[in-house]
2 protein chains.
Amino acid sequence: MFRPAKFHSTHNREAPPKHVDGPQLLVVEDEPEIRRFLRASLGSHGYRVVEAESGAEALRRSSESPPDLVLLDLGLPDIDGLEVIRQMRAWMTAPIIVVSARGREAEKVCALDAGADDYLTKPFGVEELLARIRVALRHAAGGTEAGESVFAVDGLRVDQARRQVFVGDKEVHLTPIEYRLLTTLVKHAGKVITHRQLLKEVWGPGSVFETHYLRVYMAHLRRKIEPEPARPRVLLTEPGIGYRLASD
Amino acid sequence: MFRPAKFHSTHNREAPPKHVDGPQLLVVEDEPEIRRFLRASLGSHGYRVVEAESGAEALRRSSESPPDLVLLDLGLPDIDGLEVIRQMRAWMTAPIIVVSARGREAEKVCALDAGADDYLTKPFGVEELLARIRVALRHAAGGTEAGESVFAVDGLRVDQARRQVFVGDKEVHLTPIEYRLLTTLVKHAGKVITHRQLLKEVWGPGSVFETHYLRVYMAHLRRKIEPEPARPRVLLTEPGIGYRLASD
DNA sequence: ATCAGTTTTAACGCAATTTTTACGCGCCCC
DNA sequence: GGGGCGCGTAAAAATTGCGTTAAAACTGAT
């Protein structure tokens, strides 16, 4: 199979990936054939593959552009594999999957205790490798705070993941209903929400006609959130219709 | 709650360590010899071992007292192992390590994709099993950091690796439930955890409505941890929602 | 069987929240 | 000018949820 050396995008001719910028994998492996094999298998499954053929290069590459996962062969020419794990763990939290020809149990234990997340003995099946990569990435995704769902306007900040609301840099405490009312407005920020809609989403469909709830709770919110509750800048009234949250 | 006579006291006979306070492992395995072997190996390393010899029993046991980790043999007499994984994953986040005699690659892939975190093929070495258990528990503790997973705020220090809790520089003793409640809060430090979520993770999915458990145990924890239990600085109440552990 | 440590259950006073009620203001239209 | 009407504000009343304590039931070890 002809492959111009200067192209690192090797998967143009093979099964084209769906996500061109999927997770980035750093493959650390000194044997060229295995490297090429991995490059092809992983690339065709949508992973971006970065390669390194020595421990030193692995450390350099990983600090240049932090990978989402490391596939590490322990039998490297220069540095001991365990040392590579330790060095990476010193600053990196991405999962490390060790791939090794030697299957000695003591070695597995050392690698795992040094900070590796999995250990695969050659020869292994590609499907298994892919499955274990999925597991590792699943862990990593769960561990880090994935969705930053913070809304901010004009001194108001709503952090939905933490369920916290700040005005300026002071936290303000909201009761359950106050919070739900505010987040409902945030969800449709900039757009008008009718009384009916708000009541249905916050109090439930049984209270669609209790419009006075809205008045008293909007007053509560404005007192806690607006710098000058009498002249609302964020929680706006649309007379006869409903309310609207200002957005930048 | 009925309890068949034959389960009366299967594991009282051997008397492993005196203070068995470590993480609770659920061992699901139908062959008695392997079960005894695992019980001995794991028990002598400080793990509390709970056993189940069928899929149904495994699901029951795990929802009665949620384990910190599950060791699951796929070849069970009643339910398919994959189904057990799926059922557990429906509510549980604790790691699941599959241990199986059959090493077919497709089976590994299915198990891992169904939600298992690792897959070990028999026969395996105890040391490797122990190492993989450590890896899984390290993940569950939150940080992927190789270093100690210790959490600290405001005079409170929680060392999950050693299962020790300090206030100032004095260690405080926590009962199993108190400790589990605290570590669950630690795992989501800074974020609000709902009553449901806490009850599910600490008492199991059968107790999601027993919110009074939370009140009495939060009182216990505060008395042991807060300098001034009446004015909590670390264990915060989010009225109507749940609780939150202060971070930073 | 007994005992200490732990978990579950029950009860009660208090605090926070929600709901209800009341009143004042500006506006438009008769 | 007066009477609805929609809106904002305030405060009382009702409800719910929370913290606390103590006793009862349970568990595992001696």
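Here we summarise the structure given alongside this text. For every chain, the first residue of the written sequence is number 1, and numbering continues from 1 along that sequence. Numbering of ligands from 1 and lettering of chains from A proceed in the order in which they are written. Totals for whole chains, interfaces and linings use every residue, but because this is a predicted model, local features are given only for residues with pLDDT of at least 70 and side-chain atom pairs only at 80 or more, for both listing and counting. Just so you know, side-chain values use all the structure's heavy atoms and leave hydrogens and water out.

### Looking at the protein's contact with DNA strand D
We call a residue near a molecule or strand when any one of its heavy atoms sits within 4 Å of it. Among the 22 residues in the neighbourhood of DNA strand D, the closest are listed as Arg222, Thr237 and Gly240 of chain A together with Arg222 and Thr237 of chain B. Sugar and phosphate atoms form 71% of the subset of DNA strand D atoms that lie within 4 Å of the protein. Identification of polar contacts relies on pairs of N or O atoms within 3.5 Å, with a donor-acceptor requirement for protein atoms, meaning one able to donate a hydrogen and the other able to accept it, and with residues adjacent in sequence counted only if both atoms are side-chain atoms. Contact between DNA strand D and Thr237 of chain A: a phosphate oxygen at 2.6 Å from a side-chain N or O atom of the residue. Within the backbone of Gly240 of chain B, a nitrogen or oxygen atom sits 3.1 Å from a phosphate oxygen of DNA strand D. Contributions of two or more residues to the surface near DNA strand D are made by α8 (211–225) of chain A together with α8 (211–225) of chain B. Three residue categories are used. Nonpolar comprises Ala, Val, Leu, Ile, Met, Phe, Trp, Tyr, Cys and Pro, charged comprises Asp, Glu, Lys and Arg, and polar comprises the others, including Gly. Here the surface near DNA strand D is built from residues that sort into 9 nonpolar, 6 polar and 7 charged. Helix and strand definitions here come from DSSP, where helices need a minimum of 4 consecutive H or I residues and strands a minimum of 2 consecutive E residues; each element is numbered from the N-terminal end.

### Overview of the protein's contact with DNA strand C
Close contacts around DNA strand C come from 15 residues, with Thr175 and Tyr213 of chain A together with His173, Thr175 and Tyr213 of chain B the closest. The sugar-phosphate backbone supplies 90% of the atoms of DNA strand C found within 4 Å of the protein. In this structure, a phosphate oxygen belonging to DNA strand C sits 2.9 Å away from a side-chain N or O atom of His173 of chain A. At 2.8 Å, a side-chain N or O of Trp203 of chain A approaches a phosphate oxygen of DNA strand C. Elements with a contribution of two residues or more to the surface near DNA strand C: α6 (176–187) and α8 of chain A together with α6 (176–187) and α8 of chain B.

### Some thoughts on the pattern of salt bridges
All names here are of chain B. One side-chain nitrogen of Lys or Arg within 4 Å of one carboxyl oxygen of Asp or Glu is enough to make a salt bridge. Tallying each qualifying case throughout the model produces 41 salt bridges over all chains. Salt-bridge contacts for Asp118 lead to Arg132; the nearest nitrogen and oxygen are separated by 2.9 Å. Taken together, the residues Asp118 in strand β5 (residues 118–121) and Arg132 in helix α5 (residues 126–140) connect sequence positions 14 residues apart. The same class applies to Asp118 and to Arg132, which are both buried. Each residue is assigned to one of three classes by its accessible area relative to the maximum for its type, calculated with a 1.4 Å probe on protein chains only: buried under 20%, partly exposed between the two thresholds, exposed over 50%.

### So, the interface of chain B and chain A
Chain B puts 32 residues into the contact, and the matching count from chain A is 31 residues. In total, chain B and chain A occlude about 2700 Å² of area from one another, counting both sides; carbon and sulfur atoms represent 47% of this. Summed over the shared surface of chain B and chain A, the number is 18 residue pairs in polar contact (both at pLDDT 80 or more). Elements with a contribution of two residues or more to the side of chain B that touches chain A: α4 (105–114), β5 and α5 of chain B. The biggest single contributor to the side of chain B that touches chain A is α5 of chain B, with 9 residues. For the side of chain B that touches chain A, the residue count by class is 11 nonpolar, 7 polar and 14 charged. Throughout, a contact is declared for two residues whenever any of their heavy atoms are within 4.5 Å. Buried area counts how much accessible surface, traced with a 1.4 Å probe, disappears from two parts once they are put together, with both parts' losses summed.

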